[in-house]
Amino acid sequence: MKQKRKYLLRRRSGFTLIEIMVVVVILGLLAALVVPRIGPQVAEAQRTTARTQIKSIEDALEMYRMHNGFYPSTQQGLEALVTAPTTSPVPKHYQDGGYLKKVPEDPWGNPYVYRNQNGRISIVSYGPDGEEGGEGTNADISNDD
């Protein structure tokens, strides 16, 4: 009798295929309801991250200007914040260690676009589509916003 009881207990200790399938279906339904509601928050979080990174780059550029009297040229780009430029205009009071540890990519994995037009700087992320312009969630994000 003891052996039969042990056998029955051991046999009932697992889940049946039907039980597992029911759980998977329920999880799938929950995911189908939750994921569409999370999507817009993820997109907005990425846009907020881009704005924050642009502000950090802008602050580093301002520090560069305060030390050297000018912003890096468009040709020198944002790399001038990481390593001292060797092309004109060469900064005379470059901060040891640079102004950034590395130039960040935007949240979509694209480089930020930097322009210096006669001392007026522009830092732009082209957004999720990676192309200039765009509307809505694909709109560009810049320090002019």
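Scroll up for the structure.
Summarised in this report is the structure supplied together with it. Remember, predicted model here, so these are calculated numbers, not experimental data.

**Details of unusual backbone geometry**
- With an omega dihedral of 0 degrees, the bond running from Ser 88 to Pro 89 counts as a cis peptide bond.
- Mapped onto the fold, Pro 89 is located in the loop between helix 2 (17-68) and strand 1 (113-117).
- You will see that Asn 118, though not glycine, has its phi angle at about 55 degrees, which is positive.
- By the secondary structure assignment, Asn 118 is in the loop between strand 1 and strand 2 (120-125).
- Asn 118 gets classed as exposed once you look at its relative accessible area, which sits at 85%.

**A short note on the pairing of strand 1**
- Only one face of strand 1 is buried: it carries Tyr 114 and Asn 116, and the other face, with Val 113, Arg 115 and Gln 117, is open.
- Bridge analysis of strand 1 against strand 2 gives 5 bridges, and the strand direction is antiparallel. In the sheet register, Asn 116 faces strand 2, and the bridge partner there is Ile 121.
- Adjacent in sequence and paired antiparallel, strand 1 and strand 2 are bridged by 2 residues, among which Asn 118 carries a positive phi angle near 55 degrees.

**Overview of the pattern of salt bridges**
- For the structure on display, the rule yields 4 salt bridges.
- Linking Arg 51 and Glu 44 is a salt bridge whose minimum nitrogen-to-oxygen distance equals 3.5 Å.
- We note a salt bridge from Arg 120 to Asp 144, for which the minimum N-O separation is 3.7 Å. Of this pair, Arg 120 sits in strand 2 while Asp 144 sits in the segment after strand 3 (141-142), and the two are 24 residues apart along the sequence.
- Judged by its relative accessible area of 45%, Asp 144 falls in the partly exposed class.

**Some details on the packing of aromatic side chains**
- Evaluated as defined, the whole model comprises 4 aromatic pairs.
- Ring geometry for Tyr 64 against Phe 70: centres 6.2 Å apart, planes inclined by 75 degrees, an arrangement best described as edge-to-face.
- Judged by its relative accessible area of 0%, Tyr 64 falls in the buried class.
- Taking 5.2 Å as the distance between ring centres and 90 degrees as the angle between the ring planes, the aromatic pair formed by Tyr 94 and Tyr 99 counts as edge-to-face. Of the two residues, Tyr 94 and Tyr 99, both sit in the buried class.

Reading guide: rules and limits
Residues numbered from 1 in each chain as written. Predicted model: local features only at pLDDT ≥ 70, side-chain atom pairs only at ≥ 80, totals over all residues. Heavy atoms only, no water. Helix = DSSP H or I, 4+ residues; strand = E, 2+ residues; numbered from the N terminus. Buried < 20%, exposed > 50% of the residue type's maximum accessible area, 1.4 Å probe, protein only. Pairing = 2+ DSSP bridges. Salt bridge = Lys/Arg side-chain N within 4 Å of Asp/Glu carboxyl O. Phe/Tyr/Trp six-rings, centres within 6.5 Å; stacked < 30°, edge-to-face > 60°.

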